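What follows is the residue order along each chain.
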Amino acid sequence: MKDYLDHELRALLAETDGVPADFEPEFSTPAQPEHGDLATNAAMQLARHLRRAPRQIAADVVTALQARVDPKRIAAIEVAGPGFINFRFADTYLTDALATLLEAGDDYGRTNVGQGQTALVEYVSANPTGPLTVGHGRNAVLGDTFANLLEWTGYDVTREYYFNDAGRQMRVLGESVRARYLALVDPNLPTKHIGDDTPVEVPQPFPEDGYLGGYISDIAQALFDEHGEALADTDDIAPFKKAAQEAIFAEIEATMRRLGIEMDTYFNEHSLYESNKVWDVLEALRDKGYVYEADGATWFKTTAFGKEQDTVLVKSSGEPTYRLPDIAYHADKCERGYAQMVDIFGADHIATYPDVLKGVEVLGHDPSKIEVVIYQFVTLVRGGQQVKMSTRKATYETLDDLMDEVTPDVTRFFFLMRSPNTHLEFDLDLAKEASDKNPVYYLQYAHARVSSIMRKAEEVGFSFGEAPDLSLLVHESEAALIKELLHFPEILQKASEAKEPHRVANYLRDVAVAFSQFYRDCHIVGEARPLATARMNLAKAAQIVLRNGLTVLGISAPERM
RNA sequence: GCCCCCGUAGCUCAGUAGGAUAGAGCAACGGUUUCCUAAACCGUAGGUCGCAGGUUCGAAUCCUGCCGGGGGCACCA
């Protein structure tokens, strides 16, 4: 409808003197229902160009539009306030649109703005050094939902997990496992205490910055069960590293499965070394004049892009910092030809990604195709107290622990109900409250309620087999619900473009509210057959939107609660 | 010191890329079940949109400066 009016208004303005050629009318849905179903501020914006009062312009536009607009779609056009032009939809438009919605069913809401272009969403991307934390959870759920949104808006999406199993972290991980293993082999192995505030007793060979989580001991135990003492004689940490990586990755994948996440591709940073890509990229950057040597290290001239300091790409030890492989990785993504790439980072990466984008740009790729979403930190609150989290120390709450407490549906919803760039306060007490206070249940309950109504309606003899006469849906609550449902495709589009899934969550609440009002005012059982049939179909339409919306968010839509 | 995010009701947050009377959930108070799921619904109360300027027909929204909270500024990842 917006497109239709936009088209008509543009055609009209094109014939009007004084209207700039690049003028783009804006439409919005008024907050007050009495202001109509759609409004444009075009007359106010044109006032300056035309040197006339906004209301005068609006009056002329309304007269001209009334002559050319299809009365089956637009029932009324009027001037209001300081010069708004308000449009009121015709009932026939609403019923036609509702019929289209019902026909689309599970596909309602899908649009084709992406036109089948490829998109890559990279998310989670945690190195296999331990179980996923709550912080990873926000990343995972956001990334997965962006991927869903891109799919629903017509993109061909690849979900990718980037990881590094070769760095210092992994070495420390292997050493941590080895130390635990050696203690199993020799129970009398001397111990020591590490940690500042709350010292922990560990076996003597344990690295100072080792991983203290209980899962390390589990992995060591598994190795001991399988190999006995056979691994004790060698200093080689490779078998420990390998065992740890495999065990941890298996756990990470299991955690992601619980959240409904399945990756298409895993990209190992190591492959960038095997293919020599890292060094090729370094030389390419050098050729462009952005790389120099100093103090034994190799530097990236980031001051050329307005940064205060240059950045090290290769340490004097000859080992690259992570920034170089990051640039190589993103260059690789660009070369794979995706029309759009999305990265999801925690707030602690905020200072580093501009270097990567600049690097990619210097290499001749278009950095505007890469969209970086930065999400702020998650704070867990329990009993009004903040829960501390740290990966290395064993004090963190894992994502699995969280899902054990509050279910995967609630976990996903809480991560999605707020804008990514605000700090997220995750109130465990509220989330665990498996009842009235919890917003996710409100949506699921509305969905289950529709199912219940439809079961009941069929029990008393009404049927979806009959063609409904949707023009009978003239009650205020019916019209309001239909209008709300028709916003769905646009909501998905905007949420996808802006990478703001909370818009979908908020919208679904509005749908549930509109449905509740319809439920209150308009009964089905007990009504005459034609009206009951029409209302059944409207209820079904509401269910379609709720279910499709929840599907985009990755949350289940139960038939019964 | 520099960079990023945030500051809206008692609490947690929305506010549709500048629009009409700033909204929701929770908490508080009151009401609604012979009637399709009360995990629901209806109502009351609660605000100088951090502060001060500026831009214009019009600012919670854009610009500048302060104040406050969080995060980041390694030859760590």
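Please read these numbers as outputs of a predicted model, since none were measured by experiment.

Novice: Tell me what's going on with the overall build of chain A, and back it up with residues and numbers.
Specialist: Assigned secondary structure in chain A consists of 20 helices and 17 strands. Overall, chain A is about 90 × 65 × 40 Å in size when its C-alpha atoms are taken along their principal axes. The buried share of chain A, taken over its 561 residues, is 51%. Relative to all contacts within chain A whose residues are 6 or more apart in sequence, the contacts with residues 24 or more apart total 72%. For chain A, the accessible surface area stands at approximately 25,900 Å², while carbon and sulfur atoms represent 48% of it.

Novice: With reference to specific residues and values, describe the protein's contact with RNA strand B.
Specialist: The full set close to RNA strand B counts 60 residues, and Phe84, Lys315, Arg418, Tyr445 and Ser452 are the nearest of them. For RNA strand B, the backbone makes up 65% of the atoms found within 4 Å of the protein, where backbone means sugar plus phosphate. Counting residues per element, the ones that place at least two in the surface near RNA strand B are β4 (84-89), α6 (168-185), α16 (439-459) and α19 (502-521). A per-element tally of the surface near RNA strand B places α16 first, with nine residues. Each residue belonging to the surface near RNA strand B can be placed in one class, and the counts come to 22 nonpolar, 20 polar and 18 charged.

Novice: Report on the packing of helix α17 (residues 476-486) against helix α20 (residues 529-553), specifying residues and quantitative values.
Specialist: Contact geometry for α17 and α20: axes closest at 10 Å, N-to-C directions at 30 degrees. Considering only the axes of α17 and α20, their crossing is left-handed. Counting all contacts with α17, which are made through Glu478, Leu481, Ile482 and Leu485, the residues of α20 involved are Arg535, Leu538, Ala541, Ala542 and Val545.

Novice: Run through helix α7 (residues 214-227), naming residues and quoting values.
Specialist: Helix length check: α7 (14 residues) gives 20 Å between terminal C-alpha atoms against 20 Å at 1.5 Å per residue, within 8%. Every buried residue belonging to α7 is among Tyr215, Ile216, Ile219, Ala220 and Leu223, and all of these are buried. Mapping the buried residues of α7 onto a view down its axis gives an arc of 145 degrees, with all of them on the same face. For α7, the exposed residues lying more than 90 degrees away from the buried face are Asp218 and Asp225. On its buried face, α7 sits against α6 and α8 (238-258). Positive backbone phi, approximately 60 degrees, marks glycine 228, located one or two places after α7.

Novice: Describe in detail the packing of aromatic side chains, supporting the description with residues and values.
Specialist: The relation between two aromatic rings is expressed through the spacing of the ring centres and the mutual angle of the planes. Within the structure shown, the criterion is met by 22 aromatic pairs. Each ring, one from tyrosine 292 and one from tryptophan 299, has its centre 6.4 Å from the other, and the planes form 10 degrees; the classification is stacked. Residue tyrosine 292 is classed as partly exposed on the basis of its relative accessible area, which comes to 26%. The cationic tip of arginine 73 hangs over the ring face of tyrosine 4; the distance from NZ or CZ to the ring centre is 4.0 Å.

Novice: Could you give me a rundown of the domain arrangement of chain A, with the residues and numbers involved?
Specialist: Domains assigned within chain A are domain 1 (2-89), domain 2 (95-114 + 436-552), domain 3 (118-160 + 261-375) and domain 4 (167-258). Opposite the ten residues of domain 3 that make contact, domain 4 presents 14 residues. Together domain 3 and domain 4 conceal approximately 1,200 Å² of surface at their shared face, both sides included; 67% is due to carbon and sulfur atoms. Run the count over domain 3 and domain 4 and you get four residue pairs in polar contact (both at pLDDT 80 or more). In terms of residue class, the side of domain 3 that touches domain 4 is made up of seven nonpolar, three polar and no charged.

Novice: So, the pattern of salt bridges: which residues are in play, and what are the values?
Specialist: Following the criterion strictly, the structure yields 38 salt bridges and no others. Between arginine 178 and aspartate 235 there is a salt bridge; the shortest N-O distance is 3.2 Å. In this pair, arginine 178 is assigned in helix α6 and aspartate 235 in the loop between α7 and α8, connecting sequence segments 57 residues apart. Note on arginine 178: relative accessible area 16%, which makes it buried. Accessibility expressed as a relative area gives 64% for aspartate 235, which makes it exposed. For lysine 192, the salt bridge is made with glutamate 208, and the minimal N-O distance between the two is 3.4 Å. Separated by 16 residues along the polypeptide, lysine 192 in strand β7 (residues 191-194) and glutamate 208 in the loop between β8 (200-203) and α7 bring together distant segments of the chain. Connected through shared salt-bridge partners, Asp144, Glu151, Arg159 and Arg412 make up one network.

Novice: Just give me the short version of the sheet that holds strand β10 (residues 291-294), but keep the residues and values in it.
Specialist: Overall, antiparallel pairing links the three strands, which are arranged β10-β11-β12 in an open sheet. The open sheet has two free edges, formed respectively by β10 and β12 (311-314), since each of these has just one partner strand. Geometrically, the sheet is characterised by an average inter-axis angle of 45 degrees between neighbouring strands, direction not taken into account. Bridge analysis of β10 against strand β11 (residues 297-300) gives four bridges, and the strand direction is antiparallel. Residue pairing for β11: glutamate 293 is matched across the bridge by threonine 298. This element, helix α11 (residues 323-335), spans β11 and β12 of the sheet and lies at about 80 degrees to β12.

Novice: Give me the lowdown on the confidence of the model for chain A, citing residues and values where you can.
Specialist: Averaged over every residue, the pLDDT of chain A is 90; the share at 70 or more is 97%. Interface predicted TM-score (ipTM) for the complex: 0.94; the corresponding pTM is 0.93.

Novice: Before we move on, can you summarise unusual backbone geometry with the specific residues and values?
Specialist: Peptide bonds are, in most cases, trans, and in most cases residues other than glycine have a negative phi. With a phi angle near 70 degrees, asparagine 276 is a residue other than glycine that sits in the positive phi range. By secondary structure assignment, the location of asparagine 276 is in the loop between α9 (270-274) and α10 (277-287). Even without a glycine there, the phi angle at aspartate 295 is positive, about 55 degrees. By relative accessible area, which is 72% here, aspartate 295 ends up exposed.

Novice: Please give an account of the pairing of strand β3 (residues 74-80) that cites residues and values.
Specialist: Both β3 and β4 contribute to a ladder of six bridges, which runs antiparallel. For alanine 76, the partnering residue across the bridge sits in β4 and is arginine 88.

Novice: Please give an account of the sheet that holds strand β16 (residues 385-387) that cites residues and values.
Specialist: An order of β16-β15-β17 is seen for the three strands of this open sheet, with the pairing classed as mixed. In the strand order of this sheet, the two ends are held by β16 and β17 (424-427), each with one partner. Across the sheet, the axes of successive neighbouring strands diverge by a mean angle of 40 degrees, strand direction being ignored. Across three bridges, strand β15 (residues 378-382) lies against β16 in antiparallel orientation. Its bridge partner being in β16, leucine 380 is matched across the sheet by valine 387.

Rules behind the numbers
- All residue numbers refer to position in the chain's written sequence, counted from 1.
- Whichever chain is written first becomes A and whichever ligand is written first becomes 1, with later ones labelled in order.
- Confidence filtering applies because this is a predicted model: local features only for residues at pLDDT of at least 70, side-chain atom pairs given and counted only at 80 or more, and all residues used for totals across whole chains, interfaces and linings.
- Note that water and hydrogens are dropped before the side-chain values are worked out from all heavy atoms of the structure.
- Secondary structure elements follow DSSP: runs of H or I of four or more residues count as helices, runs of E of two or more count as strands, with numbering from the N terminus.
- For the exposure calls, accessible area comes from a 1.4 Å probe over protein chains only, and a residue counts as buried if that area is under 20% of its type's maximum, exposed if over 50%, partly exposed in between.
- Any two residues having at least one pair of non-hydrogen atoms within 4.5 Å are treated as being in contact.
- Only the protein chains shown count as cover for residues, and all accessible areas are computed by the Shrake-Rupley method using a 1.4 Å probe.
- Here, proximity means that at least one heavy atom of the residue falls within 4 Å of the molecule or strand.
- For this scheme, ten residues count as nonpolar: Ala, Val, Leu, Ile, Met, Phe, Trp, Tyr, Cys and Pro. Four count as charged, namely Asp, Glu, Lys and Arg, and the remainder, Gly too, count as polar.
- Only the stretch in contact is used when a helix axis is fitted, and all axes are lines through C-alpha atoms; the angle between N-to-C directions ranges over 0 to 180 degrees.
- Helix crossings fall into two classes, left-handed where the near helix is turned counterclockwise from the far one by less than a right angle and right-handed where it is turned clockwise.
- A helix is expected to span 1.5 Å for every residue after the first.
- Throughout, the arc means that of the directions going from the helix axis to the C-beta atoms.
- Geometry of aromatic contacts follows a simple scheme: Phe, Tyr and Trp rings, the Trp one being its six-membered ring, pair when their centres are within 6.5 Å, and the pair is stacked under 30 degrees between planes, edge-to-face over 60, tilted otherwise.
- A ring is scored as having a charge over it whenever the NZ atom of a lysine or the CZ atom of an arginine sits within 6 Å of its centre and within 35 degrees of its normal.
- Each domain's extent was defined by an automatic or database domain assignment.
- Here the buried area means the combined drop in accessible surface, using a 1.4 Å probe, for two parts upon being joined, counting both sides.
- We define a polar contact as two N or O atoms separated by no more than 3.5 Å, with the added condition that, inside protein, one atom must be a possible hydrogen donor and the other a possible acceptor, whereas residues neighbouring each other in sequence contribute only through side-chain atom pairs.
- Should a side-chain nitrogen of Lys or Arg be within 4 Å of a carboxyl oxygen of Asp or Glu, the pair is scored as a salt bridge.
- We treat two strands as partners when DSSP finds at least two bridges between them.
- Residue-level confidence of the predictor is summarised by pLDDT, bounded by 0 at the bottom and 100 at the top.

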